Amino acid sequence: QVQLVGSGGGLVQAGGSLRLSCAASGSIFSINAMGWYRQAPGKQRELVAAITSGGNTNYADSVKGRFTISRDNAKNTVYLQMNSLKPEDAAVYYCNADARRLGVPYDYWGQGTQVTVSS
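Report follows, based on the coordinates. Every value quoted in this text rests on a predicted model; they were computed, and no experiment measured them.

Here the focus is the pairing of strand 8 (residues 77–82). Most of strand 8 sits out of view: 5 of its 6 residues are buried. Across 6 bridges, the pairing between strand 3 (residues 18–26) and strand 8 is antiparallel. When the bridges of strand 8 are listed, Ser 21 appears paired with Tyr 79. Pairing between strand 7 (residues 67–72) and strand 8: 6 bridges, direction antiparallel. The residue bridging Ile 69 from the neighbouring strand is Leu 80, located in strand 8. In sequence, strand 7 turns back onto strand 8 through a hairpin of 4 residues, with Asn 76 there showing a positive phi of about 50°.

Below, the structure is given as structure tokens:
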């Protein structure tokens with residue numbers, strides 16, 4: 001089992017910045033990659049950014065150049081630095097861990113953190 005605790009959301013003006021954090025605990029050895037997804041009202045959950053255990057990163061086109069995902073292996077924590085925020089970035093952001101559970105690929109999710117961007 002993997003537990004994920006996300007934090008760092010809040011209200012920010014357009015053009016501002018926020019940093020999200022996601023701390024993993026439990027069977028962290030089973031994690032292949034971690035990332036952030038977001039879901040706005042009436043929309044499907046979408047990948048924002050992900051980072052593998054080897055440090056490879058992947059970003060949604062809409063956030064490239066503005067968001068940066070990083071990880072601190074000593075703290076088992078992944079960060080999402082969000083700069084130049086736009087109103088369309090507003091959503092609930094969910095931390096995700098792509099792991100294996102009983103040998104089978106399994107997605108773990110954090111509780112979600114709200115990001116609100118005022119125009």
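What follows deals with the sheet that holds strand 7. Here 4 strands make up an open sheet; going across it, the order is 1-3-8-7 and the pairing antiparallel. Edge strands, defined here as strands with exactly one partner in the open sheet, are strand 1 (2–7) and strand 7. The sheet shows a mean angle of 15° between the axes of neighbouring strands, taken without regard to direction.

Conventions and cut-offs
Note that residues are indexed from 1 along each chain, following the sequence as it is written. Only residues with pLDDT of at least 70 get local features here, since the model is predicted, and only at 80 or more are side-chain atom pairs given and counted; chain-wide, interface and lining totals rely on the full set of residues. As a rule here, side-chain values cover all heavy atoms of the structure and leave hydrogens and water aside. Note on exposure labels: buried denotes an accessible area under 20% of the residue type's maximum, exposed denotes more than 50%, and partly exposed covers the range between, all computed with a 1.4 Å probe on protein chains only. The numbering of helices and of strands both runs from the N terminus, where a helix is a DSSP run of H or I of at least 4 residues and a strand a run of E of at least 2. Should DSSP find at least two bridges between two strands, the strands are taken to pair. Orientation is described by axes fitted as lines to C-alpha atoms, over the contacting stretch for helices, and by angles from 0 to 180 degrees between their N-to-C directions.

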